[in-house]
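Letter by letter, the chains look like this.
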Amino acid sequence: MKHPNTLSIAVASGRIGYVYLSDGEVRDWGISNVAAKSSEAAKSKTDFLIENYRPDLIVTEKLSPHTRKSGQTIGNVQAVQEAAIASDAQHIAVEHIQHHANKYLEMNELAQRHPVLASWLPAKRKLWESEDRRASIWEALALVEQADL
């Protein structure tokens with residue numbers, strides 16, 4: 001089965017992470033803090049990524065009633081989805097369901113399947129530390145896997 005060229009975008013507080021996959025393999029990834037500053041910036045970054053990668057499929061997070069996201073982050077998710085819908089690519093919104101005891105176990109499992117990203121694994125944070133910004137890349141990858149392509 002041929003995998004579509006896929007762009008997955010995950011929005012977190014203060015950052016937007018993305019992964020681009022071709023033939024089911026991670027080819028590129030990144031994080032933008034600037035894109036998370038406003039809905040307009042999130043849409044602009046999404047438009048840029050779509051133009052750059054020309055994906056067949058765009059995967060974004062489906063906001064659920066029990067989401068922990070709030071404020072500007074929700075606006076950014078909506079802006080990313082609007083840009084995806086307006087593109088020529090197919091769009092799928094996927095609810096990120098945690099199937100592991102914690103996100104670090106999920107990231108480690110994803111790294112085993114996608115070793116090119118292994119050096120981007122963040123260390124488990126202490127309770128008083130902020131979440132590592134690299135986690136948004138792993139969230140984007142988890143969304144692709146949950147889309148079950």
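Okay, so let's go over this structure. Since this is a predicted model, take the numbers as computed values, not measurements.

Parameters at a glance
- Residues numbered from 1 in each chain as written.
- Predicted model: local features only at pLDDT ≥ 70, side-chain atom pairs only at ≥ 80, totals over all residues.
- Heavy atoms only, no water.
- Helix = DSSP H or I, 4+ residues; strand = E, 2+ residues; numbered from the N terminus.
- Rg over C-alpha atoms; globule rule 2.2 N^0.38 Å.
- Contact = heavy atoms within 4.5 Å.
- Buried < 20%, exposed > 50% of the residue type's maximum accessible area, 1.4 Å probe, protein only.
- Pairing = 2+ DSSP bridges.
- Phe/Tyr/Trp six-rings, centres within 6.5 Å; stacked < 30°, edge-to-face > 60°.

## With respect to the overall build of the protein
Summing up its helical and strand segments, the protein has 4 helices and 5 strands in all. Ordered by position from N to C terminus, the α and β elements of the protein give β-β-β-α-β-α-β-α-α. A compact globule built from 149 residues would reach a C-alpha radius of gyration of about 15 Å, and the protein, at 14 Å, matches this within 12%. Considered along the principal axes of its C-alpha atoms, the protein spans approximately 40 × 40 × 25 Å. For the protein, the share of sequence-separated contacts (at least 6 apart) that also reach a separation of at least 24 residues comes to 64%.

## Notes on the pairing of strand 4 (residues 57-61)
Most of strand 4 sits out of view: 5 of its 5 residues are buried. Sheet topology places strand 1 (residues 6-12) next to strand 4; 3 bridges connect them, and they run parallel. Bridge pairing in strand 4 places Ser8 opposite Val59. Across 5 bridges, the pairing between strand 4 and strand 5 (residues 90-94) is parallel. Looking at strand 5, one finds that Val59 is bridged to Ile92.

## Things to note about the packing of aromatic side chains
Applying the stated criterion across every chain yields a total of 3 aromatic pairs. Judged by centre distance (6.2 Å) and plane angle (50 degrees), the ring pair of Tyr18 and Tyr53 falls under tilted. Note that Tyr18 is positioned in strand 2 (residues 15-22) and Tyr53 in helix 1 (residues 39-53), a separation of 35 residues in sequence. We classify Tyr18 as buried; its relative accessible area is 10%. On the basis of relative accessible area, Tyr53 is assigned to the buried category, the value being 13%. These aromatic residues form a ring-pair network of at least three members: Tyr18, Tyr20 and Tyr53.

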